Amino acid sequence: MRTALISALGVMLMLSACAKPPSQTRNACAIFEQRNGLFNNWRRAAVAAEREYGVPVPILMATIYTESSFRHNAKPPRKKIFGFIPGKRQSTAYGYSQALDGTWERYQRETGRWGARRTDFADAIRFIGWYHRESATKVNIPLNDPYKLYLAYHSGHTGYLRGAYNKRPEALRGAKRFTDITYTYAKQLQQCPG
């Protein structure tokens with residue numbers, strides 16, 4: 001009885017630790033070090049997504065950094081009614097990848113990954129790899145061009161082709177931030193132990 005209680009508490013502590021974002025989100029080595037569990041190993045998930053879709057790990061990780069700051073349950077802010085009453089959310093974006101409902105459903109349908117969840121890091125990073133691969137295939141963006149990959153991720157492929165991001169300063173700022181963190185992560189990952 002006592003060992004069962006201790007085991008249950010241990011599992012709860014492990015799960016609650018996974019719910020909080022890593023403490024050093026601007027350091028790729030620290031992120032991987034903090035999430036190197038047997039069942040929840042972010043480096044292994046990132047490398048698997050890179051192998052499957054050909055998208056470099058720094059770009060995959062920078063996408064999550066820019067979209068959700070590594071928060072598993074991130075959602076866009078609510079619109080305010082009369083400046084203070086919470087209204088509807090700006091979009092259906094959710095989870096690590098901030099994937100919209102429709103895009104996530106298309107991913108599940110096209111890949112057969114029906115059980116994939118936006119709040120699961122391995123599922124989310126695999127989705128990001130798939131989406132960036134789609135950007136390379138559909139709109140001809142090189143997989144090593146973080147600036148354009150982010151603009152296509154933020155605006156969607158149709159919006160990217162129309163140049164919708166040109167009228168959205170937040171998209172251009174996001175693309176610059178995304179590019180900067182991609183190069184920071186790339187430099188750090190060359191020096192990570194293991």
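Residues numbered from 1 in each chain as written. Predicted model: local features only at pLDDT ≥ 70, side-chain atom pairs only at ≥ 80, totals over all residues. Heavy atoms only, no water.

Novice: Kindly report on the packing of helix 7 (residues 146-162) against helix 8 (residues 169-189), identifying the contributing residues and their values.
Specialist: Contact geometry of helix 7 with helix 8 gives a least axis separation of 8 Å together with a crossing angle of 135°. In terms of orientation, helix 7 and helix 8 fall into the oblique class. Seen along the crossing, helix 7 lies across helix 8 with a hand that is right-handed. Contacts from P146, Y147, Y150, L151 and H154 of helix 7 reach helix 8 at E170, A171, L172, G174, A175, K176, F178, T179, T182 and Y183. When grouped by side-chain class, the residues that make up the contact of helix 7 with helix 8 number nine nonpolar, four polar and two charged. (Axes fitted to C-alpha atoms, helices over the stretch in contact; angles between N-to-C directions. Helix = DSSP H or I, 4+ residues; strand = E, 2+ residues; numbered from the N terminus. Parallel < 35°, antiparallel > 145°, perpendicular 65-115°, else oblique. Left-handed = near helix turned anticlockwise from the far one by under 90°. Contact = heavy atoms within 4.5 Å. Nonpolar A, V, L, I, M, F, W, Y, C, P; charged D, E, K, R; others polar.)

Novice: Got a sec to walk through the state of the cysteines? Specific residues and values, please.
Specialist: Here the structure, examined in full by the defined rule, presents one disulfide. Paired by a disulfide, C29 and C192 hold their sulfur atoms 1.8 Å apart. The S-S bond linking C29 to C192 shows a torsion near -100°; that makes this disulfide left-handed. Here C29 is found in helix 2 (residues 28-34), whereas its partner C192 is found in the segment after helix 8, with 163 residues between them in sequence. Of the two residues examined, C29 and C192, each falls in the buried class. (Disulfide = S-S within 2.5 Å. Buried < 20%, exposed > 50% of the residue type's maximum accessible area, 1.4 Å probe, protein only.)

Novice: Give a detailed account of the packing of helix 6 (residues 121-139) against helix 7, specifying residues and quantitative values.
Specialist: With their axes 10 Å apart at the nearest point, helix 6 and helix 7 run at an angle of 50° to one another. One way to sum up the angle between helix 6 and helix 7 is to call them oblique. Regarding helix 6 and helix 7, the two cross each other, and that crossing is left-handed. Across the interface between the two elements, F127, I128, Y131, H132, E134, S135, K138 and V139 of helix 6 pack against L149, A152, Y153, G156, H157, Y160 and L161 of helix 7. Classifying every residue of the contact of helix 6 with helix 7 by side-chain character gives nine nonpolar, four polar and two charged.

Novice: Outline helix 6, listing residues and values.
Specialist: The first and last C-alpha atoms of helix 6 sit 26 Å apart over 19 residues, in line with the 27 Å expected at 1.5 Å per residue. Burial within helix 6 is extensive, with 14 of its 19 residues counted as buried. A distance of 3.1 Å separates the backbone nitrogen of A122 from a side-chain oxygen at the start of helix 6, and that oxygen is part of D120. Just past helix 6, the residue N140 takes up positive phi, approximately 60°. (Expected span 1.5 Å × (residues − 1). Polar contact = N/O pair within 3.5 Å; in protein donor to acceptor, adjacent residues only side chain to side chain.)

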